[in-house]
Structure formats: C-alpha cells, structure tokens
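As a plain string of letters, each chain reads:
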Amino acid sequence: MPRYVAFLRGVSPMNAKMPELKRCFESAGFTEVKTLLSSGNVAFDARAAARTTLERKAEAAMEAALGRRFLTIVRSSDALRDLLAADPCAPHELPAGAKRVVTFLREPRATRLALPIEFEAARILAMDEMQVFSAYVPGPRGPVFMTLIEKTFGTELTTRTWETVKKCAAA
C-alpha cells in the first residue's frame, strides 16, 4: 500500500492532541498511522487514491471525532522524497541563518509568478504547481514569511520547514 503524509493547517498541542489525531486517521480506514512532531503531520498507509479523496476522508474523520476539522493537504511519501532530491532552493544563495520552508498548496497554481518575491527578510524562491519554496531570516517581527505567502497564495495552504519535510518523508 502507498505511504502518504497529511499536513494539517493550524494544529498545535493546544488545539489537537496527537493521539486523538492518530485515532481519527485510523477511524478513516488508514493504517500504520504515525503522528510526527506536534504540528499536525500524520504519516499513514492507504489504498492508492486521489489526493483530494484522502484529504476529504481525513477531514470528515476529524469532524466526526473532534467536532472540528483542520485543512488537510496530502502528499505521497514518494512525492516528498522526489521534492527533497530536487531541492529547488539549492540554486539560490541564502543569507546566513536563513530557514528554508515548503508551502503545500491545496489546489494547483496554474499561473507563474516572477520570482523571487521578497518581503522584509523573506523570499519566495521557487514554485511548482503544488508547492512553494521559500527562505526567511528569523527576526523580531516573527514569521513574516507567512504574511508574504498568504498575501501571494491565500490561506488554502500549510507550511513546514525543510527539516520537518525530511522527517515526514522518512516516516
């Protein structure tokens, strides 16, 4: 069975416990469920299905068990490993202390943008139809890169650090 990772938007230890999320995914019929970190990353096995079908099943299970749903974006583990191997940020020179992030889009983005796009210490460096690759330098104003991402792409998305994506791909 294929392995997938669900990235949930807006999850924190304050609003969702990882054991509860694990049970939600199991109740949706997914197997070998494993939560990663505390930010709403869930690896699981499922029969091959459309990404949107898996997303809807997970969201419906959360609604039934938790009384709320978190926007869910699913990628196959194979696709995550391919993304990491391609390393779209590699051609770009990043400032010292920069953090790399991947933003997963819920729906494909057909239009191309002139890149890079910059806002304060954040830059959108590359993108494909379903992911956006950015870097930012942490500063006193917090995660300004999210302002740039949401202004450019809306809120039907979720963002993870490059290191988190590596852990999820390996789960």
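Look above for the structure.
In this numbering scheme, every chain counts its residues from 1 along its sequence in written order. Per-residue local features are limited, in this predicted model, to residues with pLDDT of at least 70; the limit for side-chain atom pairs, both in listing and counting, is 80 or more; totals at the level of whole chains, interfaces and linings are taken over all residues. Working from all heavy atoms in the structure, the side-chain values ignore hydrogens and water.

For any two helices packed against each other, one specifies the inter-axial angle together with the distance between the axes. Here helix H1 (residues 18-27) crosses helix H2 (residues 51-66) at 120°, and the two axes come no closer than 8 Å. Relative to H2, H1 is oriented oblique. In the packing of H1 onto H2, the handedness of the crossing is right-handed. On H2, the residues that touch Glu-20, Leu-21, Cys-24, Phe-25 and Ser-27 of H1 are Ala-58, Ala-61, Met-62, Ala-65 and Leu-66. When the residues that make up the contact of H1 with H2 are grouped by side-chain class, the tally is 8 nonpolar, 1 polar and 1 charged. An axis is simply a line fitted to the C-alpha atoms; with a helix, the fit covers only the stretch in contact. Between two such axes, the angle follows the N-to-C directions and lies from 0 to 180 degrees. Helical segments are the DSSP runs of H or I of at least four residues, strand segments are the runs of E of at least two, and each set is numbered from the N terminus. If an angle is under 35 degrees, it is roughly parallel; if it is over 145, roughly antiparallel; if it lies from 65 to 115, roughly perpendicular; otherwise it is oblique. For any helix crossing, the convention is left-handed if the near helix is rotated counterclockwise from the far helix by under a right angle, and right-handed if that rotation is clockwise. Note on contacts: a residue pair is in contact if any heavy atoms of the two residues lie within 4.5 Å. Charged means Asp, Glu, Lys or Arg here, nonpolar means Ala, Val, Leu, Ile, Met, Phe, Trp, Tyr, Cys or Pro, and polar covers whatever is left, Gly included.

So, on to the environment of Ala-85. Inspection of the secondary structure puts Ala-85 in helix H3 (residues 77-86). Along the backbone, Ala-85 and Val-74 are 11 residues apart, and their C-alpha atoms lie at a distance of 19 Å.

In this scheme, a residue with accessible area under 20% of its type's maximum is buried, one over 50% is exposed, and one in between is partly exposed, where area comes from a 1.4 Å probe on protein chains only. Of all the positions in H1, only Met-18, Leu-21, Cys-24 and Phe-25 are classed as buried. An end-on view of H1 places all buried positions within 115° of arc, on one side of the element. Exposed side chains of H1 directed beyond 90 degrees from the buried face belong to Arg-23 and Ser-27. Contacts from the buried residues of H1 go to strand S1 (3-8), strand S2 (31-36), strand S3 (41-45) and H2. Among the residues trailing H1, Gly-29 stands out with phi positive, at a value near 95°. The arc in question is traced by the directions running from the helix axis to the C-beta atoms.

Turning our attention to the pattern of salt bridges. Definition used for salt bridges: Asp or Glu carboxyl oxygen within 4 Å of a side-chain nitrogen of Lys or Arg. Per the counting criterion, the structure on display carries 11 salt bridges. A salt bridge links Asp-78 to Arg-81, with the nearest nitrogen and oxygen atoms 2.5 Å apart. Separated by 3 residues within a single helix, Asp-78 and Arg-81 lie in helix H3, roughly one turn from each other. A salt bridge links Lys-166 to Glu-163; its shortest N-O distance comes to 3.3 Å. Of this pair, Lys-166 and Glu-163 both sit in helix H5 (residues 162-170), separated by 3 residues, roughly a single helical turn. Given the relative accessible area of 44%, Glu-163 is considered partly exposed. Connected via shared salt-bridge partners are Arg-51, Glu-55, Glu-59, Glu-63, Arg-69 and Arg-106.

Being paired, for any two strands, means DSSP has found at least two bridges between them. In spatial order, the strands read S2-S3-S1-S4; together these 4 strands make up an open sheet with antiparallel pairing. Two strands lie at the open edges of the sheet, namely S2 and strand S4 (72-76), each paired on one side alone. Ignoring strand direction, the axes of neighbouring strands in this sheet form an average angle of 20°. Of the strand pairs in this sheet, S1 and S3 are connected by 5 bridges, and their pairing is antiparallel. For Arg-3, the partnering residue across the bridge sits in S3 and is Asp-45.

What is shown is where atoms sit, not what they do.
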